[in-house]
Amino acid sequence: MLSERTRFGIGGPAELYVEAASEPAFSAALRIAQSSGARYCIIGAGTNLIVSDEGFDGIVLRFGAHRISSDGTIVRAEAGAELQVLVDYCIDHGLRGLETMTGIPGSVGAAIYGNAGAYGHSIDERVERVRFLDGDSMRNFTAPECHFRYRESVFKDQKDWIVLGVELRMTPAPAVELRQTADEILKVRLAKYPAAMKCAGSIFKNLILAELPETVRRQIPERVIREGKAPSAYFLEQVGAKGMHRGGVRVADYHANLIYNEGGGTARELCALIGELKSRVHAQFGLELEEEVQYVGFPAPPHSA
Ligand SMILES: Cc1cc2nc3c(=O)[nH]c(=O)nc-3n(C[C@H](O)[C@H](O)[C@H](O)COP(=O)(O)OP(=O)(O)OC[C@H]3O[C@@H](n4cnc5c(N)ncnc54)[C@H](O)[C@@H]3O)c2cc1C
């Protein structure tokens, strides 16, 4: 069951689940999947996924290679490495650049795919090169070629491209200082996202202030704006999202952009709640919230209930 592979603890079965621990093994598995004619998809640690109750009618692949190495300020990581292990590696080696990403769960590959970030920084700031499979052959892209934007990259645009590894350029800094920054951030994060919480972090992306209509911008209090973005949580709060629930899934009563599975929740309930929140925000503000979470096993993104 894919529910065992998602942090939401939601999702039906896959026809086949394949985990490959090396590049050659993964390439071979991918070739077999492609030539079988079956549908296939790639997942990482499942921390940002909503998998349908019906599961995935095809092959689910996971790339597990997780080596991390460095050469001076250049750090190389395979895509299956846990992002937190990479963050800790950099801190321990006195390399600045990822410490604000402490506590973001998931794999390095997915962090590149979704340009993960927190506290004003995202992984693209450090990317030198990304190695990936374009469905056919192995290629390398420099950071500009990855077309990184807020929680977006070329890998999100090209769903059949698979990140295999990344090369990052870091800056030397005292490890103690980096660890202190990371520890402070982790304390705040754990209060917001308790370790056992079945969730996906933020459900919706924040909104880029400059892209909002003037009429909406005027309604947003200055104090909620961060790094040129208006938090989705602000709009969600205005429409009464906090504490809303459908069956076993609930919006946190302290954070309007956080939905969690309290136990026994289903993808159907989760999508119904997401749909309800989107239509309330649309009705009140004329805004289209966009999910940060990624869907697996749905014929089309389930925008509403
Ligand atoms: C408690 C909590 C807090 C979070 N906080 C943050 C945060 O502060 N900032 C932030 O950015 N995110 C945050 N997230 C979201 C999540 O951690 C990130 O999206 C993470 O990068 C997902 O990694 P994953 O390995 O679990 O990917 P999955 O959830 O398994 O997959 C996510 C997407 O990545 C794709 N993918 C996975 N591996 C690859 C690969 N090798 N190549 C190409 N595509 C791939 C999948 O196809 C899927 O579409 C949070 C999540 C949780 C649960």
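Residues numbered from 1 in each chain as written. Predicted model: local features only at pLDDT ≥ 70, side-chain atom pairs only at ≥ 80, totals over all residues. Heavy atoms only, no water.

(A) Region of interest: the pattern of salt bridges. The tally for this structure, following the rule as stated, stands at 21 salt bridges. Where glutamate 276 meets arginine 246, a salt bridge forms, and the shortest distance between an N and an O atom there is 3.8 Å. With glutamate 276 in helix α9 (residues 267–285) and arginine 246 in strand β17 (residues 245–246), this pair connects stretches of sequence that are 30 residues apart. Residue glutamate 276 is classed as partly exposed on the basis of its relative accessible area, which comes to 23%. Judged by relative accessible area, which is 31%, arginine 246 ranks as partly exposed. (Salt bridge = Lys/Arg side-chain N within 4 Å of Asp/Glu carboxyl O. Helix = DSSP H or I, 4+ residues; strand = E, 2+ residues; numbered from the N terminus. Buried < 20%, exposed > 50% of the residue type's maximum accessible area, 1.4 Å probe, protein only.)

(B) Looking closely at the packing of helix α2 (residues 83–92) against helix α6 (residues 175–192). Axis separation between α2 and α6 bottoms out at 8 Å; the angle between their running directions is 145 degrees. Counted together, Asp88, Cys90, Ile91 and Asp92 of α2 and Ala175, Leu178, Arg179 and Ala182 of α6 form the full contact between these two elements. In the contact of α2 with α6, the residues fall into five nonpolar, no polar and three charged. (Axes fitted to C-alpha atoms, helices over the stretch in contact; angles between N-to-C directions. Contact = heavy atoms within 4.5 Å. Nonpolar A, V, L, I, M, F, W, Y, C, P; charged D, E, K, R; others polar.)

(C) Structural view of the site of the ligand. Among the 31 residues in the neighbourhood of the ligand, the closest are listed as Ile42, Gly44, Thr47, Pro105 and Ser107. Between the ligand and proline 105 there is a distance of 2.7 Å, counted from an oxygen atom to a backbone nitrogen or oxygen. In the complex, 93% of the free accessible area of the ligand, which totals 980 Å², lies under the protein chains. Residue assignment for the shell around the ligand shows that the elements contributing at least two residues are α3 (108–113), β8 (117–118), β12 (162–169) and β14 (199–202). Examining the composition of the shell around the ligand, we find that four residues originate from one element, α3, more than from any other. For the shell around the ligand, a count of residues per class yields 17 nonpolar, ten polar and four charged. (Near = heavy atom within 4 Å. Polar contact = N/O pair within 3.5 Å; in protein donor to acceptor, adjacent residues only side chain to side chain. Areas by Shrake-Rupley, 256 points an atom, 1.4 Å probe, with all protein chains shown as cover.)

(D) Representation of the packing of aromatic side chains within the structure. Considering all chains together, one arrives at nine aromatic pairs under this definition. Geometrically, the ring pair formed by tyrosine 295 and phenylalanine 298 is edge-to-face, given 5.3 Å between the ring centres and 80 degrees between the ring planes. Pairwise contacts between aromatic rings join Phe132, Phe141, Phe155 and Trp161 into one cluster. (Phe/Tyr/Trp six-rings, centres within 6.5 Å; stacked < 30°, edge-to-face > 60°.)

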